[in-house]
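# Residue-level structural notes
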Amino acid sequence: RVLRMTTPCFTPAAFTFLRALARHNDRNWFAANKSRYDEHVRQPFLSVIAAMDAPLAKISPHYRADPRKVGGSLFRIQRDTRFSNDKSPYKTWSGARFFHERGRDVEAPSFYLHMQPGGCFVGAGLWHPEPPTLRRIRDFIVDNPTAWTVATRAPAFVRRYDFAGESLARAPRGYDPAHPLIGDLKRKGFSVVAPLDDAEMCSPRLPNLLASHFKATAPLVDYLCAALDLPF
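Residues numbered from 1 in each chain as written. Predicted model: local features only at pLDDT ≥ 70, side-chain atom pairs only at ≥ 80, totals over all residues. Heavy atoms only, no water.

### Describing the packing of aromatic side chains
What describes a pair of aromatic rings is the distance from one ring centre to the other and the angle between the planes of the rings. What counts, and what does not: Classification of ring pairs uses Phe, Tyr and Trp, with its six-membered ring standing for Trp, and accepts pairs whose centres are within 6.5 Å; under 30 degrees between planes counts as stacked, over 60 as edge-to-face, and the remaining range as tilted. Each helix is a run of DSSP H or I of at least 4 residues and each strand a run of E of at least 2, with the numbering of both proceeding from the N terminus. Exposure classes here rest on a 1.4 Å probe applied to the protein chains alone. A residue is buried below 20% of its type maximum, exposed above 50%, and partly exposed in between. Only lysine NZ and arginine CZ atoms are considered, and such an atom sits over a ring when it is within 6 Å of the ring centre and within 35 degrees of the ring normal.
By the definition in use, this model includes 18 aromatic pairs. Measuring from centroid to centroid gives 5.2 Å for Phe10 and Phe45, while their planes differ by 90 degrees, and the two rings are edge-to-face. Of the two residues, Phe10 sits in the segment before α1 (12–23) while Phe45 sits in helix α2 (residues 27–51), which places them 35 residues apart along the sequence. Side by side, Phe10 and Phe45 carry an identical accessibility label, which is buried. Three or more aromatic residues joined by ring pairs form one cluster here, namely Phe17, Trp29, Phe30, Tyr37 and Tyr90. For Arg104, the ring lying beneath its charged end belongs to Phe99, and the centroid distance is 4.2 Å.

Set out below in structure tokens:
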């Protein structure tokens, strides 16, 4: 079913606001312009999240599109500056994580949408997990190489998606440097991304496009869930 929306959720005003925030990243400016953030960024993003609830449930009943303003899929615009040399108080992007029902309790793969002027993308997988989780996935790939290849090497998948994140220079300790999938075993994370242009973000077909991406990346997410004993 095509998700028909009569008007786009986002408009170019969202990008205008984010570019302005990048130039004026301070609390006084944000306080004076918070209504612009609510109108052009937060509320439209919550509408996108709400629109993804039904199509995401068809892909997996264990994933959530949570449109709550606080504590849901949408990331806070405020940055956590406690351990950063960069004390800028606000993110110059907006993002939403479509998370596993157990994602609050354990590390779990997710689907993701990122909005940033000239740098929008859709993603899926697990970004730089903790060492025990990383080892479980690597061991699962060693034990189940064929299913991993099926999930990540299909020509249509390779054309649309690139793996993101860093890799080790050498084989991780305990793994055969000559393993056929050593390139994957070296990864520090298992997430893929595909770029979206600003016009696609401002299209009424955006939810339909996201549903297509989530369906296409579902085999990767399903595989990672299996590696971590999570239902998909």
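And the narrative resumes.
### Considering the packing of helix α5 (residues 145–152) against helix α9 (residues 206–227)
Under the convention used in this document: Helix axes are fitted only over the stretch in contact, all axes being lines through C-alpha atoms; the angle between N-to-C directions runs from 0 to 180 degrees. Roughly parallel covers angles under 35 degrees, roughly antiparallel covers those over 145, roughly perpendicular covers 65 to 115, and oblique covers all other angles. Each helix crossing is assigned a hand: it is left-handed if the near helix lies turned anticlockwise from the far helix by less than a right angle, otherwise right-handed if that turn is clockwise. What makes two residues a contact is simply this: any of their non-hydrogen atoms within 4.5 Å.
Close contact between α5 and α9 brings their axes to 8 Å; oriented N to C, the two are set at 155 degrees. Considering the angle they form, α5 stands roughly antiparallel to α9. In this structure, α5 meets α9 at a crossing whose hand is left-handed. Across from Ala147, Trp148, Ala151 and Thr152 in α5, the residues of α9 making contact are Pro219, Leu220, Tyr223 and Leu224.

### Notes on helix α4 (residues 131–143)
Keep this limit in mind: What a helix is expected to span follows from its residue count: subtract one and scale by 1.5 Å. Arc definition: directions from the helix axis to the C-beta atoms.
With 13 residues, α4 should cover 18 Å at 1.5 Å per step; its first-to-last C-alpha distance of 18 Å lies within 8% of that length. Buried residues of α4: Thr133, Leu134, Ile137, Arg138 and Ile141, and no others. Projected down its long axis, α4 carries its buried residues within an arc of 135 degrees, all on one side. More than 90 degrees from the buried face of α4, the exposed residues found are Pro131, Pro132 and Asp143.

### Details of the packing of α1 against α2
What counts here: Here the nonpolar group is Ala, Val, Leu, Ile, Met, Phe, Trp, Tyr, Cys and Pro; Asp, Glu, Lys and Arg are the charged ones; every other residue, Gly included, is treated as polar.
At a closest axis distance of 9 Å, the pairing of α1 and α2 adopts a crossing angle of 155 degrees. Overall, the two elements α1 and α2 adopt an arrangement that is roughly antiparallel. The chirality of how α1 crosses α2 is left-handed. Touching Ala13, Ala14, Thr16, Phe17, Leu18, Ala20 and Leu21 of α1 are Trp29, Phe30, Asn33, Arg36, Tyr37, His40 and Val41, all from α2. Across the contact of α1 with α2, the residue classes break down as 10 nonpolar, three polar and one charged.

### A word on the side chain of Thr152
To keep things clear, this is the line we draw: Identification of polar contacts relies on pairs of N or O atoms within 3.5 Å, with a donor-acceptor requirement for protein atoms, meaning one able to donate a hydrogen and the other able to accept it, and with residues adjacent in sequence counted only if both atoms are side-chain atoms.
As for its position among the elements, Thr152 is in helix α5. Separated by 2.9 Å, the side chains of Thr152 and Arg153 make a polar contact. Other than its neighbours up to four places away in sequence, Thr152 contacts Phe157, Val158, Phe163 and Leu220.

### Focus: the nonpolar core
Stated precisely, the cut-off is as follows: For our purposes a nonpolar core is just a set of buried Ala, Val, Leu, Ile, Met, Phe, Trp, Tyr and Cys residues, chained together by side-chain atoms within 4.5 Å.
Formed by 62 residues in total, the largest nonpolar core has its most connected members in Phe10, Phe98, Met115 and Met201. Examining the composition of this core, we find that 11 residues originate from one element, α9, more than from any other.

### A few points about the environment of Ala216
Tracing the chain through its elements places Ala216 in helix α9. Taking the C-alpha atoms as reference points, Ala216 and Arg160, 56 residues apart in sequence, are found 9.1 Å from one another. Residue contacts for Ala216: discarding those within four places in its chain leaves Phe157, Arg160 and Tyr161.

### Structural notes on the sheet that holds strand β6 (residues 190–196)
This is how it is decided: Between any two strands, pairing holds if DSSP finds at least two bridges.
Reading across from one edge, β1-β2-β3-β4-β6-β5 is the order of the six strands in this open sheet, with antiparallel pairing throughout. The two strands at the open ends of the sheet, each matched to only one other strand, are β1 (63–64) and β5 (162–164). Along the sheet, α9 makes contact with β1, β2 (94–100), β3 (110–115), β4 (120–126) and β6, crossing β4 at roughly 20 degrees.

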